[in-house]
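Residue-level listing of the chains:
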2 protein chains.
Amino acid sequence: MNQQLQHLMNCIQSVDQTIRPSVEDHLNDLTKPPGSLGKLEQIAMRYCLMTGTDRPRTGKKKIFTFGADHGVADEGVSAFPKVVTQQMVMNMLSGGAAINVLARHVGADLAVVDMGVDWPVERRAGLIDCSVRSGTANMATGPAMEVAEAEKALLAGAELADKAANEGYTLLGTGEMGIANTTPSAALFASLLPCPVEEVTGRGTGVDDTVLKHKIDIIKKSLEVNRECLQTPLDALAAVGGLEIAGICGLILGAAARKIPVVVDGFISSAGAMVACRMNPAVKDYLFFSHLSQEVGHQTFFKLFDVQPILDLEFRLGEGTGAAMAMPVIEAAIHIYNEMATFSSAGISGS
Amino acid sequence: MNQQLQHLMNCIQSVDQTIRPSVEDHLNDLTKPPGSLGKLEQIAMRYCLMTGTDRPRTGKKKIFTFGADHGVADEGVSAFPKVVTQQMVMNMLSGGAAINVLARHVGADLAVVDMGVDWPVERRAGLIDCSVRSGTANMATGPAMEVAEAEKALLAGAELADKAANEGYTLLGTGEMGIANTTPSAALFASLLPCPVEEVTGRGTGVDDTVLKHKIDIIKKSLEVNRECLQTPLDALAAVGGLEIAGICGLILGAAARKIPVVVDGFISSAGAMVACRMNPAVKDYLFFSHLSQEVGHQTFFKLFDVQPILDLEFRLGEGTGAAMAMPVIEAAIHIYNEMATFSSAGISGS
């Protein structure tokens, strides 16, 4: 691992549990039966621990949507042609994608980051350019990228988080756009959860039974071809991952180092989050998993990774759409913590 | 049924399905795989049908939290003493309850309505006074109220919806506060779904095993004592229901008559919604069920009533808290429908 990345790893510490009793006491003194606000109370507790204060505050929030292409798309594993990655990135820059609408709805800023889109036409302005290479190589025939390239993508993601922290953002979200990217995500889950390929491979944007079977075969072939290159989480990310997944992983590492909570989007973002947690288990303390995707493997992930999603809106889109929808739920939890009356102040009889 | 109520029933019509194909075409032309925004797409469709337009708009929203007391509280079925109803209503008027915080968070106005709080001290200003009587009678020994009283409460609720429609509100939410009110709600579910009492009776604000068993016995006794008074949904509402449940039911009837979508809160609000739907099945077209409550019987309700909740935040508080949390999800659906680019406009390749 390169030195800069090793330094980043060393900066990430588990949350300090010291304030847990005082946060719990306050939550139980609010004018409601203890625990009756369910997930909001759990979120409030975790947010306090993440940010190291029993006086939590809401603030500016930002979603990072990472775009990149995948060599494995050449194997015909997606319902959409590869060119759609750059078309959708352009759509995001024009404000017409779902993530634009939902980020605006929840009051989050949106950054669209080129981690490695394979542009068939000239690149346009407006993107944050962190491109490491024009799409990955086909992982079914060899490593998707070099380890040094994965490291470069990780550090680029981490730098975005660091910059956001310096700019005063207090909540970050992940998102992605990359045709075929459920395929490397499934490969990463199979390799690092670990679990059978079949349990984490689904229909992506909507492939039929024949393509689904083919997709499973391609993922198995990729894991076999790269079996010598899966020794560490970083190695696996390079061999069977993707550039946008590395960007997400890096953003999460960078945010955890600064103690900024991150809202993880869906299936692909969870793959990036898992790699980050496998690189440093303390990272998990700083993550909110926004939603359960319709991509079938996401359930396997939640079960084996022992985490729970906040929402289930039956999304299977990515882009950061689930992260956007979960952000106001997290803010609601902080408002509940700060603004409700207490039993003593309101003169309410206890049970 | 009194004449005014009969007139209200006659005003409620099922939604017109004529615009369904054009709404569906538009949803499928948005730049995302068809159906990939899951519940948001279903909500957008239903909102269009409810409001009778393929150009839906967001607007002002208001939550009505109905407070009332229950004679059956005397049987010791709740973890909290009856006086907490008025204390919590006062807390809502002071802005310190969970519903105040969450309504503010989502930008909804809040109205606190006295449908029949049993005030042991003087009533205070700020409440909308629709009180029919000071709490119901104990349903374990006879009808909770007269049918004429239930009708009065229904019409009061309907009038609030009508007034809100006239004031330009485009989305209404229900909520309640009433110590012991999971007990009449369970009785109504058992009587009108119908189903065994055990399947819809839970721990409310947190009773132990002994009280839960006693609560089930009391509900069975109430249904037995009132068996002659359960012929129609209105009769059941009067005999084993509650004043705030009648207020919720009336609000829903009034909103449906004006084609205003209503966001139904949790377990108790669902009981009110069910009574409204049993009185006129067309009402169901205008309802969004906000969340799955932790109150165990709510799952039974969703299964037997064949509807799905939008959220599962593990709430068991009521007040309208779940309705508040679902409102921005509904608004997100409308924004998606109105603001996303289409495939043709954005020049995106199809699958």
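As the structure is a computational prediction, the values presented were derived from the model and not from experiment.

1. Things to note about helix α8 (residues 209–225) of chain B
Residue and element names in this part refer to chain B.
- The terminal C-alpha atoms of α8, which comprises 17 residues, lie 24 Å apart, in line with the 24 Å expected from a rise of 1.5 Å per residue.
- Of the residues making up α8, those classed as buried are Leu-212, Lys-215, Ile-216, Ile-218, Ile-219, Ser-222 and Leu-223. Angularly, the buried residues of α8 cover 165 degrees about the axis, an arc narrow enough to put them on a single face. Opposite the buried face of α8, at more than 90 degrees from it, the exposed residues are Thr-210 and Lys-213.
- In this fold, the buried residues of α8 make contact with α7 (182–192) and α9 (233–240).
- Among the residues of α8, the N-terminal cap falls to Asp-208, whose side-chain oxygen and the backbone nitrogen of Thr-210 are separated by 3.2 Å.

2. Some remarks on the relation of the copies chain A and chain B
- Under the fitted operation, chain A is carried onto chain B by 0.0 Å of movement along the axis and a turn of 180 degrees, and the coordinates agree to an RMSD of 0.0 Å. Those values place the two copies in the arrangement expected of a two-fold rotation axis. No C-alpha of chain A approaches the rotation axis more nearly than that of Leu-311 of chain A, which lies at 3.3 Å.
- Mapped onto chain B, 100% of the interface residues of chain A again fall at the interface, so both copies present the same surface.

3. With respect to the packing of helix α9 (residues 233–240) of chain A against helix α11 (residues 267–279) of chain A
All names here are of chain A.
- Two elements in contact, α9 and α11, have axes separated by 9 Å at closest approach and are oriented at 150 degrees. Taken together, the axis directions place α9 and α11 in an arrangement best described as roughly antiparallel. For the pair formed by α9 and α11, the contact residues are Pro-233, Leu-234 and Leu-237 on the first element and Val-275, Arg-278 and Met-279 on the second.
- Tallied by class, residues from the contact of α9 with α11 come to five nonpolar, no polar and one charged.

4. Some remarks on the state of the cysteines
Residues and elements named next belong to chain A.
- Counted by the stated rule, this structure contains zero disulfides over all chains.
- Here Cys-11 stays free of any disulfide, with the sulfur of Cys-249 as its closest cysteine sulfur at 15 Å.
- For Cys-11, a relative accessible area of 34% gives the class partly exposed.

5. Quick word on the packing of aromatic side chains
All names here are of chain A.
- This model, assessed by the stated rule, comprises 16 aromatic pairs over all chains.
- Chaining the aromatic ring pairs together yields one cluster made of Phe-189, Phe-267, Phe-289, Phe-301, Phe-302 and Phe-305.
- The ring centre of Tyr-169 lies 4.3 Å from the NZ or CZ of Lys-60, which sits over that ring.

6. Digging into the interface of chain A and chain B
- Listed per partner, the contact involves 53 residues of chain A and 53 residues of chain B.
- Across the chain A/chain B interface, buried area totals approximately 4,100 Å², and carbon plus sulfur atoms make up 65% of it.
- The interface formed by chain A and chain B holds two salt bridges in total.
- Between Glu-339 of chain B and Arg-104 of chain A there is a salt bridge, with its nearest N and O atoms 2.8 Å apart.
- For the side of chain A that touches chain B, the elements supplying multiple residues, two or more each, are α3 (38–51), α4 (84–94), α5 (98–106) and α13 (321–339) of chain A.
- The greatest single-element share of the side of chain A that touches chain B, amounting to nine residues, is contributed by α13 of chain A.
- Its residues placed into classes, the side of chain A that touches chain B shows 28 nonpolar, 17 polar and eight charged.

7. Some words on the pattern of salt bridges
- Evaluation of the coordinates by the stated rule reveals 24 salt bridges over all chains.
- With a shortest N-O distance of 2.9 Å, Glu-331 of chain A and Lys-61 of chain A are connected by a salt bridge. In this pair, Glu-331 of chain A is assigned in helix α13 and Lys-61 of chain A in strand β1 (residues 60–68), connecting sequence segments 270 residues apart.
- Owing to a relative accessible area of 7%, Lys-61 of chain A belongs among the buried residues under this scheme.
- Close ionic contact of Asp-209 of chain B with Arg-203 of chain B constitutes a salt bridge, the shortest N to O distance being 2.5 Å.
- The partly exposed category is assigned to Arg-203 of chain B, whose relative accessible area is 38%.

Parameters at a glance
Residues numbered from 1 in each chain as written. Chains lettered and ligands numbered in written order. Predicted model: local features only at pLDDT ≥ 70, side-chain atom pairs only at ≥ 80, totals over all residues. Heavy atoms only, no water. Helix = DSSP H or I, 4+ residues; strand = E, 2+ residues; numbered from the N terminus. Expected span 1.5 Å × (residues − 1). Buried < 20%, exposed > 50% of the residue type's maximum accessible area, 1.4 Å probe, protein only. Arc of directions from axis to C-beta. Contact = heavy atoms within 4.5 Å. Polar contact = N/O pair within 3.5 Å; in protein donor to acceptor, adjacent residues only side chain to side chain. Least-squares fit on C-alpha atoms with pLDDT ≥ 70 in both. Axes fitted to C-alpha atoms, helices over the stretch in contact; angles between N-to-C directions. Parallel < 35°, antiparallel > 145°, perpendicular 65-115°, else oblique. Nonpolar A, V, L, I, M, F, W, Y, C, P; charged D, E, K, R; others polar. Disulfide = S-S within 2.5 Å. Phe/Tyr/Trp six-rings, centres within 6.5 Å; stacked < 30°, edge-to-face > 60°. Lys NZ or Arg CZ within 6 Å of the ring centre and 35° of its normal. Buried area = accessible area lost by both parts, 1.4 Å probe. Salt bridge = Lys/Arg side-chain N within 4 Å of Asp/Glu carboxyl O.

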